[in-house]
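In case you want the letters, here they are:
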Amino acid sequence: MPLRGKTGQQFGLTFDPELASFRVAFEDWAKLLKDWKGAWKDVVTLFRRHEKRHFETEGASTGSRFAALNDRPTFETSYAGWKARHYPGLPILQRERVLFRALVEGGQGSINKQTNTSLTVGVNPGAAVKDPATGKNYNLGKAAYAHARGIGNQFGGKLPVRPPIRFDGNVQNRNSFGYAVGQILQAHIVRARRKAFKKDIEDAIGGPAGAHTSPAKTINSVLAREWK
(Lines give C-alpha, C1' and ligand atoms only; values in the text may rest on other atoms or scores of the structure.)
Protein backbone atom coordinates (compact mmCIF):
# COMPACT_ATOMS: atom_id res chain seq x y z
CA MET A 1 0.00 0.00 0.00
CA PRO A 2 1.55 3.35 -1.01
CA LEU A 3 2.26 5.74 1.84
CA ARG A 4 1.83 9.00 -0.04
CA GLY A 5 1.38 10.56 -3.41
CA LYS A 6 3.41 13.30 -5.01
CA THR A 7 2.46 16.96 -5.13
CA GLY A 8 0.98 18.09 -8.41
CA GLN A 9 -2.83 18.06 -8.42
CA GLN A 10 -4.39 21.55 -8.36
CA PHE A 11 -7.87 23.00 -7.98
CA GLY A 12 -9.26 26.46 -8.64
CA LEU A 13 -12.11 28.05 -6.68
CA THR A 14 -13.95 31.25 -7.54
CA PHE A 15 -15.99 33.56 -5.33
CA ASP A 16 -18.08 36.36 -6.91
CA PRO A 17 -18.63 39.37 -7.07
CA GLU A 18 -14.94 40.24 -6.72
CA LEU A 19 -14.02 37.22 -8.81
CA ALA A 20 -11.63 36.54 -5.94
CA SER A 21 -9.96 33.22 -6.62
CA PHE A 22 -7.05 31.08 -5.56
CA ARG A 23 -5.48 27.78 -6.47
CA VAL A 24 -4.82 24.98 -4.02
CA ALA A 25 -2.23 22.26 -4.69
CA PHE A 26 -2.60 18.74 -3.32
CA GLU A 27 -1.00 15.35 -3.52
CA ASP A 28 -1.92 13.09 -6.39
CA TRP A 29 -4.20 11.28 -3.95
CA ALA A 30 -6.78 13.89 -5.03
CA LYS A 31 -7.27 11.84 -8.19
CA LEU A 32 -8.97 9.20 -6.04
CA LEU A 33 -11.87 11.58 -5.47
CA LYS A 34 -13.85 11.93 -8.70
CA ASP A 35 -16.82 13.83 -7.28
CA TRP A 36 -16.02 16.84 -5.08
CA LYS A 37 -19.61 17.87 -4.33
CA GLY A 38 -19.39 16.61 -0.75
CA ALA A 39 -16.37 18.84 -0.24
CA TRP A 40 -18.08 21.79 -1.93
CA LYS A 41 -20.92 21.55 0.59
CA ASP A 42 -18.44 22.05 3.43
CA VAL A 43 -16.63 24.86 1.58
CA VAL A 44 -19.93 26.69 1.01
CA THR A 45 -20.76 26.37 4.72
CA LEU A 46 -17.33 27.81 5.54
CA PHE A 47 -17.85 30.64 3.05
CA ARG A 48 -21.27 31.61 4.42
CA ARG A 49 -20.01 31.68 8.02
CA HIS A 50 -17.00 33.73 6.93
CA GLU A 51 -19.26 36.19 5.12
CA LYS A 52 -21.60 36.52 8.11
CA ARG A 53 -18.71 37.63 10.34
CA HIS A 54 -17.39 39.90 7.58
CA PHE A 55 -20.73 41.73 7.27
CA GLU A 56 -21.55 41.84 10.97
CA THR A 57 -18.15 43.38 11.81
CA GLU A 58 -18.31 45.76 8.82
CA GLY A 59 -15.16 44.18 7.44
CA ALA A 60 -13.11 44.23 10.65
CA SER A 61 -12.93 40.42 10.88
CA THR A 62 -11.20 40.17 7.48
CA GLY A 63 -9.12 43.36 7.35
CA SER A 64 -9.74 47.09 7.54
CA ARG A 65 -13.21 48.18 8.65
CA PHE A 66 -15.51 49.57 5.96
CA ALA A 67 -15.24 53.31 5.41
CA ALA A 68 -17.85 55.26 7.36
CA LEU A 69 -20.97 56.52 5.58
CA ASN A 70 -20.44 59.97 4.13
CA ASP A 71 -22.24 63.12 5.13
CA ARG A 72 -23.39 64.18 1.67
CA PRO A 73 -26.67 66.14 1.89
CA THR A 74 -29.84 64.12 1.36
CA PHE A 75 -32.74 66.56 1.58
CA GLU A 76 -32.52 68.06 5.07
CA THR A 77 -29.93 65.71 6.55
CA SER A 78 -26.84 63.68 5.69
CA TYR A 79 -27.07 60.19 4.21
CA ALA A 80 -25.57 58.76 7.39
CA GLY A 81 -28.25 60.51 9.43
CA TRP A 82 -31.01 59.48 7.01
CA LYS A 83 -29.98 55.82 7.22
CA ALA A 84 -29.75 55.95 11.01
CA ARG A 85 -33.29 57.31 11.14
CA HIS A 86 -34.89 54.96 8.60
CA TYR A 87 -32.74 51.85 9.17
CA PRO A 88 -31.61 52.10 12.79
CA GLY A 89 -28.93 49.70 13.93
CA LEU A 90 -28.19 48.15 10.54
CA PRO A 91 -24.47 47.93 9.65
CA ILE A 92 -22.95 49.27 6.45
CA LEU A 93 -23.90 47.27 3.30
CA GLN A 94 -27.03 46.00 5.05
CA ARG A 95 -29.63 48.68 4.38
CA GLU A 96 -32.11 46.23 2.83
CA ARG A 97 -30.00 43.13 3.59
CA VAL A 98 -30.42 41.79 0.03
CA LEU A 99 -26.66 41.51 -0.51
CA PHE A 100 -26.21 40.09 2.99
CA ARG A 101 -28.82 37.37 2.42
CA ALA A 102 -27.39 36.47 -0.99
CA LEU A 103 -23.90 35.89 0.41
CA VAL A 104 -24.72 34.64 3.90
CA GLU A 105 -27.95 32.71 3.36
CA GLY A 106 -27.98 31.90 -0.35
CA GLY A 107 -30.99 34.20 -0.84
CA GLN A 108 -32.22 35.87 -4.02
CA GLY A 109 -29.45 36.86 -6.38
CA SER A 110 -26.99 34.27 -5.10
CA ILE A 111 -25.04 31.71 -7.10
CA ASN A 112 -23.94 28.28 -5.95
CA LYS A 113 -22.74 26.47 -9.05
CA GLN A 114 -21.16 23.08 -8.47
CA THR A 115 -19.79 20.39 -10.74
CA ASN A 116 -17.79 17.31 -9.84
CA THR A 117 -14.59 19.33 -10.08
CA SER A 118 -15.46 23.04 -9.70
CA LEU A 119 -17.29 25.47 -7.43
CA THR A 120 -18.49 29.06 -7.90
CA VAL A 121 -20.32 30.68 -5.00
CA GLY A 122 -21.39 34.24 -4.20
CA VAL A 123 -23.55 36.73 -6.08
CA ASN A 124 -24.82 35.91 -9.54
CA PRO A 125 -23.31 38.63 -11.78
CA GLY A 126 -26.52 38.90 -13.82
CA ALA A 127 -29.02 38.61 -10.98
CA ALA A 128 -32.03 40.94 -11.14
CA VAL A 129 -33.57 41.32 -7.68
CA LYS A 130 -36.38 43.42 -6.24
CA ASP A 131 -35.56 46.31 -3.93
CA PRO A 132 -37.71 45.75 -0.80
CA ALA A 133 -38.01 49.51 -0.28
CA THR A 134 -39.09 50.58 -3.78
CA GLY A 135 -40.30 47.34 -5.36
CA LYS A 136 -38.13 48.04 -8.39
CA ASN A 137 -35.75 45.53 -9.94
CA TYR A 138 -32.01 46.19 -10.04
CA ASN A 139 -28.86 44.23 -10.87
CA LEU A 140 -27.41 42.90 -7.63
CA GLY A 141 -24.23 41.79 -9.36
CA LYS A 142 -23.51 45.34 -10.55
CA ALA A 143 -24.28 46.74 -7.11
CA ALA A 144 -21.93 44.25 -5.46
CA TYR A 145 -19.22 45.03 -8.02
CA ALA A 146 -19.63 48.76 -7.37
CA HIS A 147 -19.04 48.26 -3.65
CA ALA A 148 -16.16 45.85 -4.29
CA ARG A 149 -14.27 48.16 -6.65
CA GLY A 150 -15.43 51.64 -5.70
CA ILE A 151 -16.97 53.55 -8.60
CA GLY A 152 -18.38 57.00 -9.29
CA ASN A 153 -21.89 57.78 -8.10
CA GLN A 154 -24.66 60.05 -9.30
CA PHE A 155 -23.51 62.82 -6.97
CA GLY A 156 -20.16 63.20 -8.71
CA GLY A 157 -18.24 61.45 -5.96
CA LYS A 158 -16.71 58.02 -5.68
CA LEU A 159 -17.93 55.14 -3.56
CA PRO A 160 -15.39 53.88 -1.03
CA VAL A 161 -14.14 50.35 -1.61
CA ARG A 162 -16.21 48.14 0.70
CA PRO A 163 -15.72 44.58 -0.61
CA PRO A 164 -18.73 42.31 0.03
CA ILE A 165 -16.30 39.38 -0.23
CA ARG A 166 -12.83 39.50 1.27
CA PHE A 167 -10.49 36.77 2.41
CA ASP A 168 -6.82 35.85 2.59
CA GLY A 169 -6.24 33.19 -0.07
CA ASN A 170 -2.69 32.34 1.04
CA VAL A 171 -2.88 28.61 1.75
CA GLN A 172 0.43 28.80 3.65
CA ASN A 173 -1.01 31.19 6.25
CA ARG A 174 -2.53 29.05 9.00
CA ASN A 175 -5.00 31.81 9.91
CA SER A 176 -6.29 32.35 6.38
CA PHE A 177 -9.53 31.40 4.68
CA GLY A 178 -7.43 29.82 1.93
CA TYR A 179 -5.74 27.54 4.46
CA ALA A 180 -9.15 26.58 5.86
CA VAL A 181 -10.43 25.61 2.40
CA GLY A 182 -7.28 23.58 1.86
CA GLN A 183 -7.81 21.72 5.13
CA ILE A 184 -11.38 20.83 4.17
CA LEU A 185 -10.36 19.53 0.75
CA GLN A 186 -7.45 17.61 2.23
CA ALA A 187 -9.80 15.95 4.74
CA HIS A 188 -11.99 14.75 1.88
CA ILE A 189 -8.91 13.42 0.10
CA VAL A 190 -7.89 11.49 3.22
CA ARG A 191 -11.40 10.05 3.47
CA ALA A 192 -11.29 8.94 -0.17
CA ARG A 193 -7.82 7.45 0.29
CA ARG A 194 -8.99 5.48 3.31
CA LYS A 195 -11.94 4.14 1.35
CA ALA A 196 -9.81 3.24 -1.67
CA PHE A 197 -7.32 1.25 0.43
CA LYS A 198 -9.74 -0.20 2.95
CA LYS A 199 -9.12 -3.78 1.78
CA ASP A 200 -5.34 -3.34 1.97
CA ILE A 201 -5.70 -1.98 5.50
CA GLU A 202 -7.92 -4.86 6.60
CA ASP A 203 -5.55 -7.41 5.05
CA ALA A 204 -2.65 -5.77 6.89
CA ILE A 205 -4.36 -5.80 10.30
CA GLY A 206 -6.11 -9.13 9.77
CA GLY A 207 -9.64 -7.90 10.38
CA PRO A 208 -12.22 -5.17 9.73
CA ALA A 209 -10.96 -1.60 9.89
CA GLY A 210 -12.68 0.67 12.37
CA ALA A 211 -14.43 3.90 11.51
CA HIS A 212 -12.05 6.63 10.38
CA THR A 213 -13.23 9.76 12.18
CA SER A 214 -10.21 12.02 11.65
CA PRO A 215 -11.51 13.74 8.46
CA ALA A 216 -14.84 14.62 10.08
CA LYS A 217 -13.07 16.02 13.14
CA THR A 218 -10.83 18.15 10.94
CA ILE A 219 -13.78 19.53 8.99
CA ASN A 220 -15.78 20.32 12.13
CA SER A 221 -12.77 22.03 13.68
CA VAL A 222 -12.25 24.18 10.56
CA LEU A 223 -15.92 25.18 10.40
CA ALA A 224 -15.90 26.19 14.08
CA ARG A 225 -13.00 28.62 13.72
CA GLU A 226 -12.77 32.19 12.47
CA TRP A 227 -10.52 32.87 9.49
CA LYS A 228 -9.08 35.95 7.81
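Quick note: structure is the one above.
Here's a quick rundown of the structure. Keep in mind it's a predicted model, so treat the numbers as computed, not measured.

On to the pattern of salt bridges. Tallying each qualifying case throughout the model produces two salt bridges. Two residues, K52 and E56, come together in a salt bridge whose shortest N-O distance is 2.7 Å. Taken together, the residues span about one helical turn, with K52 and E56 both in helix α1 (residues 37–56) at a distance of four residues. Its relative accessible area of 44% is what places E56 among the partly exposed residues. We note a salt bridge from R65 to E58, for which the minimum N-O separation is 3.8 Å.

As for its position among the elements, D131 is in the loop between β7 (128–130) and β8 (137–139). Excluding its chain neighbours within four sequence positions, the residues that come into contact with D131 are R95, E96, K136 and Y138.

Two descriptors summarise a pair of aromatic rings, namely the distance from one centre to the other and the angle between the planes of the rings. Within the structure shown, the criterion is met by seven aromatic pairs. Each ring, one from F15 and one from F177, has its centre 5.7 Å from the other, and the planes form 80 degrees; the classification is edge-to-face. With F15 in strand β1 (residues 7–16) and F177 in helix α5 (residues 177–196), this pair connects stretches of sequence that are 162 residues apart. F177 sits in the buried class, given a relative accessible area of 0%. Cluster of aromatic residues (ring-pair linked, three or more members): F15, F47, F167 and F177. The ring of F100 has R97 sitting right over it, with the charged end atom 4.1 Å from the ring centre. Between R225 and the ring centre of W227, over which it is positioned, the NZ or CZ distance is 3.9 Å.

Moving on to the pairing of strand β6 (residues 119–123). Within β6, four of the five residues are buried, which leaves it mostly tucked inside the rest of the structure. In this structure, strand β5 (residues 110–114) lies alongside β6, joined through five bridges in antiparallel fashion. Along β6, the bridge assignment pairs K113 with T120. As consecutive antiparallel partners, β5 and β6 are separated by four residues.

It is generally the case that most residues other than glycine have a negative phi and that most peptide bonds are trans. With phi around 70 degrees, L93 is a residue other than glycine that occupies positive phi space. With respect to the helices, strands and loops of the structure, L93 is situated in the loop between α2 (79–86) and α3 (98–104). Relative accessible area serves as the criterion here: at 13%, L93 is assigned to the buried category. Residues other than glycine seldom take positive phi values, yet R97 does so here, at roughly 65 degrees. Mapped onto the secondary structure, R97 falls in the loop between α2 and α3.

Along the chain, E51 turns up in helix α1. The buried charged residue E51 lacks any salt bridge partner; its closest oppositely charged side chain belongs to R48, at an N-O distance of 7.8 Å. Beyond its immediate stretch of four places on either side in the chain, E51 contacts L103, V104, P164, I165 and R166.

A few words now on the packing of α1 against helix α7 (residues 214–224). Across the interface, α1 lies against α7 with an axial gap of 9 Å and an inter-helix angle of 20 degrees. The orientation of α1 relative to α7 falls into the category roughly parallel. Handedness of the crossing formed by α1 with α7: right-handed. Of the residues in α7, those touching α1 at D42, T45, L46 and R49 are I219, V222, L223 and A224.

With 46 residues, the main nonpolar core has L13, F15, L46, F177 and L185 as its most contacted residues. Only β1, β2 (20–27), α1, α3, β6, α4 (140–149), α5 and α7 provide two or more residues apiece to this core. Looking at which element gives the most residues to this core, the answer is α5, with nine residues. Apart from the residues lying within four places of it in its own chain, the contact partners of F177 are F15, F22, L46, F47, H50, F167, D168, W227 and K228.

Time to look at the environment of A68. Here A68 lies in the loop between α1 and β3 (73–74). The class for A68 is exposed, based on a relative accessible area of 60%. The contacts of A68, once residues within four sequence positions are left out, are I92 and R162.

Calculation rules
The residue numbering used here restarts from 1 in each chain and proceeds along that chain's sequence as written. Whole-chain, interface and lining totals are the exception, using all residues; otherwise, since this is a predicted model, local features are given only for residues with pLDDT of at least 70 and side-chain atom pairs are given and counted only at 80 or more. Side-chain metrics in this entry use all non-hydrogen atoms of the structure; hydrogen atoms and water are not considered. Salt bridges are identified by distance alone: a Lys or Arg side-chain nitrogen within 4 Å of an Asp or Glu carboxyl oxygen. Strands here are runs of E lasting at least two residues and helices are runs of H or I lasting at least four, both read from the DSSP assignment and numbered beginning at the N terminus. Relative accessibility thresholds used throughout: buried, under 20% of the residue-type maximum; exposed, over 50%; partly exposed, between the two (1.4 Å probe, protein chains only). Contacts are residue-level and defined by heavy atoms, with any inter-residue pair within 4.5 Å sufficient. Planes of paired rings set the category: under 30 degrees apart is stacked, over 60 is edge-to-face and the rest tilted, where pairs are Phe, Tyr or Trp rings (Trp by its six-membered ring) whose centres lie within 6.5 Å. When the NZ atom of lysine or the CZ atom of arginine is within 6 Å of a ring's centre and also within 35 degrees of its normal, the charge is said to sit over that ring. We treat two strands as partners when DSSP finds at least two bridges between them. The sign given to each residue is positive for Lys and Arg and negative for Asp and Glu; His and the chain ends receive no count. An axis is simply a line fitted to the C-alpha atoms; with a helix, the fit covers only the stretch in contact. Between two such axes, the angle follows the N-to-C directions and lies from 0 to 180 degrees. Roughly parallel means an angle under 35 degrees; roughly antiparallel, over 145; roughly perpendicular, 65 to 115; everything else is oblique. Crossing handedness is defined as follows: a turn of the near helix away from the far one that is anticlockwise and smaller than a right angle gives a left-handed crossing, while the clockwise case is right-handed. By convention a nonpolar core is built from buried Ala, Val, Leu, Ile, Met, Phe, Trp, Tyr and Cys residues, the set being connected through side-chain atoms within 4.5 Å.

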